[in-house]
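Understanding the architecture of this molecule
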Amino acid sequence: MISDNTLTDSVFCAPAGAAGEGAVDLFGLTISGNTFPTTGPIFDTGNVPFILRNSIVDEPERTLGAGADQTFDRVMVNTPAAVLPEGVFRGVPIFNYIGGAAVQTEASPGVDAAICDVGAVDGDGNPRNVDLPEVNNGPGPCDLGAFETPASAGSLVFRDGFE
């Protein structure tokens, strides 16, 4: 999760002249609420192969990416871009901020909108396959972004370790 930071440039910026150095493959990323003093894209990948999967980019003032070899798969964005690349859909995530983590509420369009591997875990080490029965599944029961929404809102109260 990259949230509530002041960044000097893009979240990912390929080194000048880099090409074919191996793919950058990011999975389950949440980027939200950051400050950018420049106006470039979130991902400036140049000629480096770049893959972003099952992620949320909630930066309404920034465009998603610039680069020759970008692949997106199940990425929800809140962006001003008029045209979105294949594999990207527009949505405004709804978060609860708990213990510094941006966890989607049950009403967020990124809940139960992803496919994940058996045994997959989120950024806190919790299981990814928590299916919320009251939420219609997109392609699968897993959530987009860094954290899986718990099966009950009550479990959010103890997320930061308070007991």
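Look above for the structure.
Presented here is an overview of the structure given in this document. (Residues numbered from 1 in each chain as written. Predicted model: local features only at pLDDT ≥ 70, side-chain atom pairs only at ≥ 80, totals over all residues. Heavy atoms only, no water.)

1. Let's talk about the nonpolar core
If you look at the biggest cluster of nonpolar residues, it comprises 17 residues, and the most contacted ones within it are Phe 43, Leu 52, Val 57, Leu 64, Phe 72 and Val 75. When residues of this core are traced back to their parent elements, those giving at least two are strand 6 (50–58) and strand 8 (70–78). Apart from the residues lying within four places of it in its own chain, the contact partners of Val 57 are Ile 31, Ile 42, Phe 43, Leu 52, Leu 64, Val 75, Met 76, Val 77 and Asn 78. Counting residues in each nonpolar core, the second largest holds 10 residues, with Phe 95, Ala 113, Ala 114 and Ala 120 among its members. (Core = buried A, V, L, I, M, F, W, Y, C linked by side-chain atoms within 4.5 Å. Buried < 20%, exposed > 50% of the residue type's maximum accessible area, 1.4 Å probe, protein only. Helix = DSSP H or I, 4+ residues; strand = E, 2+ residues; numbered from the N terminus. Contact = heavy atoms within 4.5 Å.)

2. As for the environment of Gly 87
If you trace the backbone, Gly 87 turns up in the loop between strand 8 and strand 9 (88–90). Along the chain, Gly 87 and Met 76 lie 11 residues apart, while their C-alpha atoms are 8.9 Å from each other. In contact with Gly 87, not counting residues within four places along its chain, are Phe 72, Asp 73, Arg 74 and Val 75.

3. Some remarks on the pairing of strand 11 (residues 101–104)
Across the two faces of strand 11 the burial is the same, with Ala 101 and Val 103 and Ala 102 and Gln 104 all buried. Inspection of the sheet shows strand 10 (residues 95–98) paired to strand 11 by four bridges, in the antiparallel sense. In the sheet register, Ile 98 faces strand 11, and the bridge partner there is Ala 101. (Pairing = 2+ DSSP bridges.)

4. Details of the pattern of salt bridges
Applying the stated rule across the entire model yields two salt bridges. Linking Arg 53 and Asp 25 is a salt bridge whose minimum nitrogen-to-oxygen distance equals 3.1 Å. Here Arg 53, found in strand 6, pairs with Asp 25, found in strand 3 (residues 24–27); they are 28 residues apart in sequence, far enough to count as distant. Residue Glu 148 is joined to Arg 128 by a salt bridge in which the shortest nitrogen-to-oxygen separation is 3.6 Å. Of this pair, Glu 148 sits in the segment after strand 11 while Arg 128 sits in the segment after strand 11, placing them 20 residues apart in sequence. Given the relative accessible area of 4%, Glu 148 is considered buried. We classify Arg 128 as buried; its relative accessible area is 4%. (Salt bridge = Lys/Arg side-chain N within 4 Å of Asp/Glu carboxyl O.)

5. Overview of the state of the cysteines
Counted under the stated rule, the structure contains one disulfide. Here Cys 116 connects covalently by a disulfide to Cys 142, the sulfurs 1.8 Å from one another. In this pair, Cys 116 sits in the segment after strand 11 while Cys 142 sits in the segment after strand 11, placing the two residues 26 residues apart along the sequence. Exposure class is identical for Cys 116 and Cys 142. Each is buried. (Disulfide = S-S within 2.5 Å.)

6. What to know about the sheet that holds strand 2 (residues 12–13)
Ordered in space as 2-5-7, the three strands form an open sheet in which the pairing is parallel. Edge positions in the sheet fall to strand 2 and strand 7 (65–67), since each has one partner strand and no second. As paired strands, strand 5 (residues 43–46) and strand 7 are joined by three bridges and run parallel to one another. Each residue of the ladder has a partner; that of Gly 46, found in strand 7, is Gly 67.

7. A look at the packing of aromatic side chains
For the structure shown, the criterion picks out four aromatic pairs. Ring plane angle 40° and centroid distance 4.8 Å describe the contact between Phe 43 and Phe 50, whose orientation is recorded as tilted. Assessed through its relative accessible area of 1%, Phe 50 is described here as buried. With a centroid separation of 6.4 Å and an interplanar angle of 65°, the aromatic rings of Phe 50 and Phe 72 are classed as edge-to-face. (Phe/Tyr/Trp six-rings, centres within 6.5 Å; stacked < 30°, edge-to-face > 60°.)

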